[in-house]
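Coordinates in review
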Amino acid sequence: MAQSNLSLSVLSNAPVAHKQPHTLTTHQKTRIDDYYWMRDDDRSEPAILKHLEAENNYCDQQLAKIKPFQTQLFEELKGRIVKDDNTYPVKDGEYWYHSEVRGDDEYSRHYRSRSMTTADKQLLLDVNLLAEGFEFYELGEVAISPNEQLLAYSEDTDGRRIYVVKFKKIDSDGLLEDVLENTEGQVVWANDNKTVFYVKKDLKTLLGYQVYRHVLGTPQSDDVLVYEEQDRSFFMGLGKSRDESLIIIDLATTETNDMWVLDANQPWGEFAQLMPREESHEFDIDKLDDTFYIVTNWQAKNFRLMTATATTIADKMQWLEHTPHRAEVLLEGVEIFNDFLVLTEREQGQTRFIVINKQQQRMTLEFDDPCYYAAIAMNPEHDSHVARIYYSSLTTPGSLYEVDLNNGKKALLKQQQVLGDFDPENYASERLMITARDGVKVPISLVYRKDTFNKDGTNPLFQYGYGAYGYTIDPSFSSTSLSLLDRGFVYAIAHVRGSEMLGRDWYEQGKKEHKQNSFNDFVDATNALVAQGYGAQDKVFASGGSAGGLLMGAVVNQAPELYLGVGCHVPFLDVLTTMLDESIPLTTNEYDEWGNPNDLDYYNVIDKYSPYDNIKAQAYPNILVTTGLHDSQVQYWEPMKWVAKMREYKTDDNILVFKTDMDAGHGGASGRFKSLEEKALEMAFFISLAKI
């Protein structure tokens, strides 16, 4: 395999942003933000666009020497992907549904057929055609009407996650005249096959806060507002119960849930609240026939499973306990079948499934890898004795299994094919528990190629982290990571506090006033891996995106000497200013995660770690920053300001480059191949710095 053998050098023409002091005063504390002017909600200010273009040009110039290597890596990544591929058909109603990709197509074609053989497949949507003429295209939700004659789909064409909903008759090529704009992308059909419900967005904050009812054949201006959420700290979603009898409005912050329901057979009725809203009560509810199944944290930090009926659901005291709370086990969810329940649990960071039959007999489904990712796959039919489970590990490509719920026997339906010379036997994975500075054991999942790993402190180390919102980065297979592993890298995921890897307490110990634990865990994981010989002290790389970008920003402020190179993607860096400004999209939803800095105590907490506010005169690692101009989650100006201030303060000659995709949003470039260019860029950056 060809190596890079390239070096990076710092050019002298880095863009210098002008300073325009802006005073911010809260709690009688004053900050001067010289780059506040970089915010433009309309993304049209010429001076800002010009500066972003200058940064892009500088990035291209700076990395010009490694461009051929980036191209080589891109072809390498692309070469592992099967060009002609399809999903395994899944039955929903009278039809089997699947999607296919062909050749160099960036997007899928969606089909249905009368049998699993797909011999009589019928084209539903060709996303390649839908995406024509757009630099960015994302297909949101596809929803089939109950009578299976109509289709609704949503699309985002600028990366802001503002979706337009369109409709078509499945047996016709043409679209209906109905068009729903400014939506969250979800569409739920009532059982009359002509009424749909959708969530409308506030175009300034980008929060979904209103539910509308639309009748096919009428203009959107005639749609009826059926629910409006006054508390803008809640996210809003729509769904349908397992038995399709209820349309559900699901409201959630990171600490509180609420749910409103409507009889799907009575779309002109009114939504009713299932139970009184209670602060810090988190739950997920589904329904099959006469029984509600409730995964709840009521008197159960790691959740328990309760049941109720329509007459008892509103009163927690009348609920019946099905599966009790356990201090060492996190109950993550339940899949409901007519004759079985399948619980998803996590203990010591590892997922397992518990199958429970009508006689309340329990059977455990587990896998053998030292660390892996497993999840319930699509199971639309509840009248079934088989369930589909998705499985992957750091050495095992994504695999779809069908499990007989009577006996636990697993049958492999499909496994991700990896082209080239990939052999899973060439790689090994491990799960480590390292000791953080406060004595807490932190899990690390890692993988390496056996014939290049020495465990003598000579391998380059790539460490990834996230650590927020209770979201757990499980160890799963990535064909792109092979380009690092095959060049001798050790790839490690640090499961820092802020996820739910070790249960709900693990999350709570990495949020709000405990957020510093996330940063400490990541740094301590790096030190431990180097000390134990997993990585070379002078060849450590780190990467994270979004809230993981916040992690990167804090880490390079607090322990810059540990890292040779850092990737910082769509990063949340200007935490204090953003959390003080409710006009910025999603701010109010984040108070439960970071704390509300309008409260002095939380102001002080955030002020201590906010990456933008804690840049100082010191040497920083080589840093690659990426963002999307149309990012709706983390606004483009956060990394833009951070880079400008970093250039002003840093005392080193290391590389700092900033690349903005002028067409993309938070998820980066769209399409299955175009998105690989971003991965190839970071890999070329790291490998060239490692000089291997």
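These figures come from a predicted structure and were not determined experimentally. (Residues numbered from 1 in each chain as written. Predicted model: local features only at pLDDT ≥ 70, side-chain atom pairs only at ≥ 80, totals over all residues. Heavy atoms only, no water.)

**A look at helix H11 (residues 637-649)**
Let me state the cut-off plainly: A run of H or I in DSSP counts as a helix once it spans at least four residues, and a run of E counts as a strand once it spans at least two, with each numbered from the N terminus. Expected span of a helix: the number of residues minus one, times 1.5 Å. Per-residue accessibility, obtained with a 1.4 Å probe over protein chains only, is compared with the maximum for each type, and a residue is labelled buried under 20%, exposed over 50%, and partly exposed between these values. Two residues qualify as a contact provided that any one of their heavy atoms is within 4.5 Å of a heavy atom in the partner residue.
The end-to-end C-alpha distance of H11 is 18 Å, a good match for the 18 Å that 13 residues give at a rise of 1.5 Å each. The buried fraction of H11 is high, at eleven of 13 residues. Burial in H11 covers these residues: Trp637, Glu638, Pro639, Met640, Lys641, Trp642, Val643, Ala644, Lys645, Met646 and Arg647. Those residues of H11 that are buried are in contact with strand S2 (29-33), helix H1 (46-62), helix H7 (547-558), helix H8 (575-579), strand S37 (622-628) and strand S38 (656-661).

**A short note on the packing of helix H2 (residues 67-79) against helix H12 (residues 676-690)**
How we decide: In this analysis an axis means a line fitted to C-alpha atoms, helices contributing only their contacting stretch, and an angle means the value between N-to-C directions, from 0 to 180 degrees. In what follows, roughly perpendicular refers to angles from 65 to 115 degrees, roughly parallel to angles under 35, roughly antiparallel to angles over 145, and oblique to any angle outside these ranges. We call a crossing left-handed when the near helix sits turned anticlockwise from the far one by less than a right angle, and right-handed when that turn is clockwise. Each residue receives one of three labels: charged for Asp, Glu, Lys and Arg, nonpolar for Ala, Val, Leu, Ile, Met, Phe, Trp, Tyr, Cys and Pro, and polar for the others, Gly being one of them.
Two elements in contact, H2 and H12, have axes whose closest approach is 8 Å; the angle formed by their N-to-C orientations is 125°. One way to sum up the angle between H2 and H12 is to call them oblique. Taken as a pair, H2 and H12 cross one another with a handedness that is right-handed. Counted together, Phe69, Gln70, Leu73, Phe74, Leu77 and Lys78 of H2 and Leu676, Glu677, Lys679, Ala680, Leu681, Met683, Ala684, Ile687 and Ser688 of H12 form the full contact between these two elements. Class assignment of the residues belonging to the contact of H2 with H12 gives a composition of ten nonpolar, two polar and three charged.

**Some remarks on the confidence of the model for the chain**
Formally: Known as pLDDT, the predictor's per-residue confidence is scaled from 0 to 100.
On average, the chain scores 94 in pLDDT, and the residues at 70 or more come to 97%. Of the regions scoring below 50 in pLDDT, residues 1-6 engages in 17 contacts with residues more than four places distant in sequence or in other chains.

**Brief notes about empty space enclosed by the protein**
Using the following cut-off: In this analysis a 1.4 Å probe is tested at points of a 1 Å grid over the protein atoms alone, and where it fits but cannot get out there is a cavity; an open set with protein on both sides within 12 Å along at least five of seven lines is a pocket; lining residues have an atom within 4 Å of a point. Grid points are joined across faces, edges and corners, and a volume is the space filled by probe spheres set on the points.
Following the criterion strictly, the structure yields four cavities of 30 Å³ or more and no others. Here the largest cavity defines a volume of roughly 60 Å³. For the largest cavity, the full set of lining residues is Tyr36, Arg39, Asp574, Thr577, Thr578, Asp581, Ile584, Trp637 and Lys641. Mapped onto the lining of the largest cavity, the elements with two or more residues apiece are H8 and H11. Class assignment of the residues belonging to the lining of the largest cavity gives a composition of three nonpolar, two polar and four charged.

**A few points about the environment of Ala308**
Here Ala308 lies in strand S21 (residues 304-308). For the pair Ala308 and Thr291, spaced 17 residues apart in sequence, the C-alpha separation works out to 5.9 Å. For Ala308, the contacting residues outside a window of four places in its chain are Asp290, Thr291, Phe292, Ile294, Ile313 and Trp319.

**Some points on the sheet that holds strand S18 (residues 272-273)**
We count it as follows: Pairs of strands are assigned from DSSP output, requiring at least two bridges between the strands.
Read across the open sheet, the four strands follow the order S15-S16-S17-S18; overall the sheet is antiparallel. Lying at the two open borders of the sheet, with one neighbouring strand each, are strand S15 (235-240) and S18. Of the strand pairs in this sheet, S15 and strand S16 (residues 246-252) are connected by six bridges, and their pairing is antiparallel. Paired with Phe235 across the bridge in S16 is Ala252.

**A word on the pattern of salt bridges**
Proximity of charged atoms lets side chains of opposite charge pair with each other. Going by this rule: Should a side-chain nitrogen of Lys or Arg be within 4 Å of a carboxyl oxygen of Asp or Glu, the pair is scored as a salt bridge.
Applying the stated criterion across every chain, the model contains 45 salt bridges. Two residues, Glu332 and Arg346, come together in a salt bridge whose shortest N-O distance is 2.9 Å. Note that Glu332 is positioned in strand S23 (residues 329-336) and Arg346 in strand S24 (residues 340-347), a separation of 14 residues in sequence. Here Asp521 ties to Arg497 by a salt bridge, and the two come within 2.7 Å at their closest N and O atoms. With Asp521 in helix H6 (residues 516-531) and Arg497 in the loop between strand S34 (490-494) and helix H5 (504-508), this pair connects stretches of sequence that are 24 residues apart. For Arg497, a relative accessible area of 4% puts it in the buried group. Beyond isolated ion pairs, a larger network of salt bridges with shared partners links Arg326, Glu345, Glu347 and Arg352.

**Considering the sheet that holds strand S20 (residues 291-296)**
Spatially, four strands are ordered S19-S20-S21-S22 in an open sheet, and the strand pairing comes out antiparallel. Both edges of this open sheet fall to strand S19 (283-288) and strand S22 (320-323), since each of them pairs with a single strand only. On average, each strand axis in the sheet is inclined to that of its neighbour by 30°, with strand direction left out of account. Two strands pair when backbone bridges link them, and S21 and S22 are joined in this way by three bridges, in the antiparallel orientation. The residue bridging Met306 from the neighbouring strand is Glu321, located in S22.

**Re the packing of aromatic side chains**
Each aromatic ring pair is characterised by the separation of its centres together with the angle its planes make. Under the convention used in this document: Each Phe, Tyr or Trp ring (for Trp, its six-membered ring) is paired with any other whose centre lies within 6.5 Å, and the angle between the two planes then decides the class: stacked below 30 degrees, edge-to-face above 60, tilted in between. Comment: the charge-over-ring label is applied if NZ (Lys) or CZ (Arg) is within 6 Å of the ring centre and within 35 degrees of the ring normal.
For the structure on display, the rule yields 29 aromatic pairs. When the ring of Tyr107 is compared with that of Tyr137, the centres are 6.2 Å apart and the planes differ by 80°; the resulting orientation is edge-to-face. Taken together, the residues span a long stretch of sequence, with Tyr107 in the loop between strand S5 (95-101) and strand S6 (109-113) and Tyr137 in the loop between helix H3 (127-130) and strand S8 (138-144) at a distance of 30 residues. In terms of burial, Tyr107 and Tyr137 fall into one category: buried. Ring plane angle 45° and centroid distance 5.9 Å describe the contact between Phe685 and Phe686, whose orientation is recorded as tilted. Considered together, Phe685 and Phe686 belong to a single accessibility category, that of buried residues. Aromatic rings pair up to connect Phe462, Phe489, Tyr491, Phe541, Phe685 and Phe686 into one cluster. One residue, Arg112, lies across the ring of Tyr95, its end atom 3.7 Å from the ring centre. Seen from the ring of Phe337, Arg242 lies directly overhead, with NZ or CZ sitting 5.2 Å from the centre.

**Quick word on the nonpolar core**
The test is simple: Only buried residues count toward a nonpolar core, which is a set of Ala, Val, Leu, Ile, Met, Phe, Trp, Tyr and Cys residues joined through side-chain atoms within 4.5 Å.
Leu446, Phe522, Tyr563, Trp594 and Trp642 are the most contacted members of the largest nonpolar core, which has 112 residues in total. Here this core takes ten residues from H12, the largest share from any one element. Core analysis: the second largest hydrophobic core is formed by 16 residues, Met236, Leu238, Ile247 and Trp260 among them.

**Concerning the environment of Arg304**
This is how it is decided: Residues adjacent in sequence count toward polar contacts only when both atoms are side-chain atoms; beyond that, a polar contact is any pair of N or O atoms within 3.5 Å, and within protein one must be able to donate a hydrogen and the other to accept it.
Residue placement: Arg304 occurs in strand S21. Taking the C-alpha atoms as reference points, Arg304 and Glu332, 28 residues apart in sequence, are found 9.2 Å from one another. Residue contacts for Arg304: discarding those within four places in its chain leaves Ile294, Val295, Thr296, Trp298, Gln299, Glu321, Thr323, Pro324, His325 and Leu331. Here the side chain of Arg304 touches Trp298 through a polar contact of 3.1 Å, landing on its backbone oxygen. Within polar-contact distance, the side chain of Arg304 engages the side chain of Glu321 at 2.9 Å.

**With respect to the packing of H6 against H7**
Running from N to C, H6 and H7 cross one another at 70°; their axes reach a closest spacing of 10 Å. Compared by their axis directions, H6 and H7 come out roughly perpendicular. Crossing geometry of H6 relative to H7 is assigned as right-handed. Residues Gln516, Ser518, Phe519, Asn520, Phe522 and Val523 of H6 lie in contact with H7, whose contacting residues are Leu550, Leu551, Met552, Ala554, Val555 and Gln558. Split into classes, the residues belonging to the contact of H6 with H7 amount to eight nonpolar, four polar and no charged.

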